[in-house]
Amino acid sequence: MRLLFLFSTFAIYSVIGGLGNVDAADGQNSRYFNGNSSGFNSGGAFIMPELLLLRPYNTDPDGDSDSDTHDFKEALRLTIGYVSPTGFGFRGRWLDYDVNTPDADFTVQTVDGELFSTIEMGSRWLGTFSGGARWAEMTETEGDTLEDGYGLIVGAELQYMWSDSIALYSIARHSVLFGDSGNDDDLAVSATELQVGIQGQLALNCGGMVFGRAGVEAQNWNGYTNDDGETFGLFGTVFAVGYQR
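Residues numbered from 1 in each chain as written. Predicted model: local features only at pLDDT ≥ 70, side-chain atom pairs only at ≥ 80, totals over all residues. Heavy atoms only, no water.

*Asks:* Tell me about a nonpolar patch on the surface, and please be specific about residues and values.
*Replies:* Taken together, Ile119, Met121, Trp125, Phe129 and Leu158 make up a surface patch of nonpolar side chains, about 440 Å² in accessible area. Mapped onto the secondary structure, leucine 158 falls in strand E6 (residues 145-161). (Patch = residues over 30% accessible without salt bridge, like charges linked within 9 Å, V, L, I, M, F, W, Y side chains within 5 Å. Areas by Shrake-Rupley, 256 points an atom, 1.4 Å probe, with all protein chains shown as cover. Salt bridge = Lys/Arg side-chain N within 4 Å of Asp/Glu carboxyl O. Helix = DSSP H or I, 4+ residues; strand = E, 2+ residues; numbered from the N terminus.)

Structure representation (structure tokens):
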């Protein structure tokens, strides 16, 4: 199922790629490149698959934790979108995280649709600000469930351009979702996601640009059960590669 999704997404990306093309062979645009929202001086379509290695943490209101036996498990996240030469664009993001062992059963799935804008904030700083909608479903070991959660998501990213090819970055996202627990109980859920890391990029002679990222990510989900104070967290590393046309 994941492979089918990825192949379908690449096909969609090829179509979106016809909307714009980046000629970055001379390296002029590398200074403004943003792997999250793509380089905005020339505009173009971009795609960024990510591999996350995350460990779940779950604490109930009584202070007990059932995360002691959980190991790091891979998750897939895929971002695809288009940015105009002015820095304004749109993107979609999909996350799939599934732990299924004798000791644990965690699943998190999210689908985001966002509008964003990238702006220069000085000679070496870039800022990307975004807002949109999110759908999410989530289950965990104790049987707590968020079904068909819908709501809003906002985000911000800062990049410090160390050089034309190296950047440091930080990302923050926050979403508020409304759904049910599977027992006809309404839920209001909030999720905060933080990521910091380093990014490298390279302009291609044939046009376009490739980039890679390595970082650390933390997520905190709150309110997904009827028990006040219960939270669910994910923590680990993230590796990404991407391409902009």
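Text resumes after the structure shown.
*Asks:* Can you break down the pattern of salt bridges residue by residue, with the values?
*Replies:* Tallied over the full model, the rule gives 10 salt bridges. Its salt-bridge partner being lysine 73, residue glutamate 74 comes within 2.9 Å of it at the nearest N-O pair. The salt bridge partner of arginine 134 is aspartate 112, with a shortest N-O separation of 2.7 Å. With arginine 134 in strand E5 (residues 125-139) and aspartate 112 in strand E4 (residues 104-120), this residue pair connects regions lying 22 residues apart in the sequence. Assigned by exposure class, arginine 134 and aspartate 112 land together as buried. (Buried < 20%, exposed > 50% of the residue type's maximum accessible area, 1.4 Å probe, protein only.)

*Asks:* Can you tell me about the packing of aromatic side chains, naming the residues and giving the values?
*Replies:* Under the criterion given, the structure shown has three aromatic pairs. Each ring, one from phenylalanine 46 and one from phenylalanine 116, has its centre 6.2 Å from the other, and the planes form 70 degrees; the classification is edge-to-face. Of this pair, phenylalanine 46 sits in strand E1 (residues 44-59) while phenylalanine 116 sits in strand E4; the two residues are 70 residues apart in sequence, bridging distant segments of the chain. Cation over ring: arginine 213 sits above tyrosine 169, and NZ or CZ is 4.0 Å from the ring centre. (Phe/Tyr/Trp six-rings, centres within 6.5 Å; stacked < 30°, edge-to-face > 60°. Lys NZ or Arg CZ within 6 Å of the ring centre and 35° of its normal.)

*Asks:* So, the nonpolar core: which residues are in play, and what are the values?
*Replies:* Counting residues in hydrophobic clusters, the biggest one holds 21 residues, and the most contacted among them are Tyr97, Val108, Trp221 and Phe232. When contributions to this core are tallied by element, the ones reaching two or more residues are E1, strand E3 (88-101), E4, E5, strand E7 (166-180), strand E8 (186-203) and strand E10 (231-244). (Core = buried A, V, L, I, M, F, W, Y, C linked by side-chain atoms within 4.5 Å.)

*Asks:* Please set out the pairing of E8 residue by residue, giving values where relevant.
*Replies:* With 15 bridges joining them, E7 and E8 adopt antiparallel strand pairing. The residue bridging arginine 173 from the neighbouring strand is glutamate 193, located in E8. Relative to strand E9 (residues 209-222), E8 is paired through 14 bridges, and the arrangement is antiparallel. Each residue of the ladder has a partner; that of glutamine 195, found in E9, is glutamate 217. (Pairing = 2+ DSSP bridges.)

*Asks:* Explain unusual backbone geometry to me, using residue names and the numbers behind them.
*Replies:* Notably, aspartate 148 is not glycine yet its phi reads approximately 45 degrees, a positive angle. Tracing the sequence through the fold places aspartate 148 in strand E6. Looking at aspartate 148, the relative accessible area reads 39%, which means it is partly exposed.

*Asks:* Go over the side chain of arginine 213 with me, naming the residues and quoting the values.
*Replies:* Turning to its location among the elements, arginine 213 is positioned in strand E9. Arginine 213 gets classed as buried once you look at its relative accessible area, which sits at 6%.

Nothing here speaks to function; it is all geometry.
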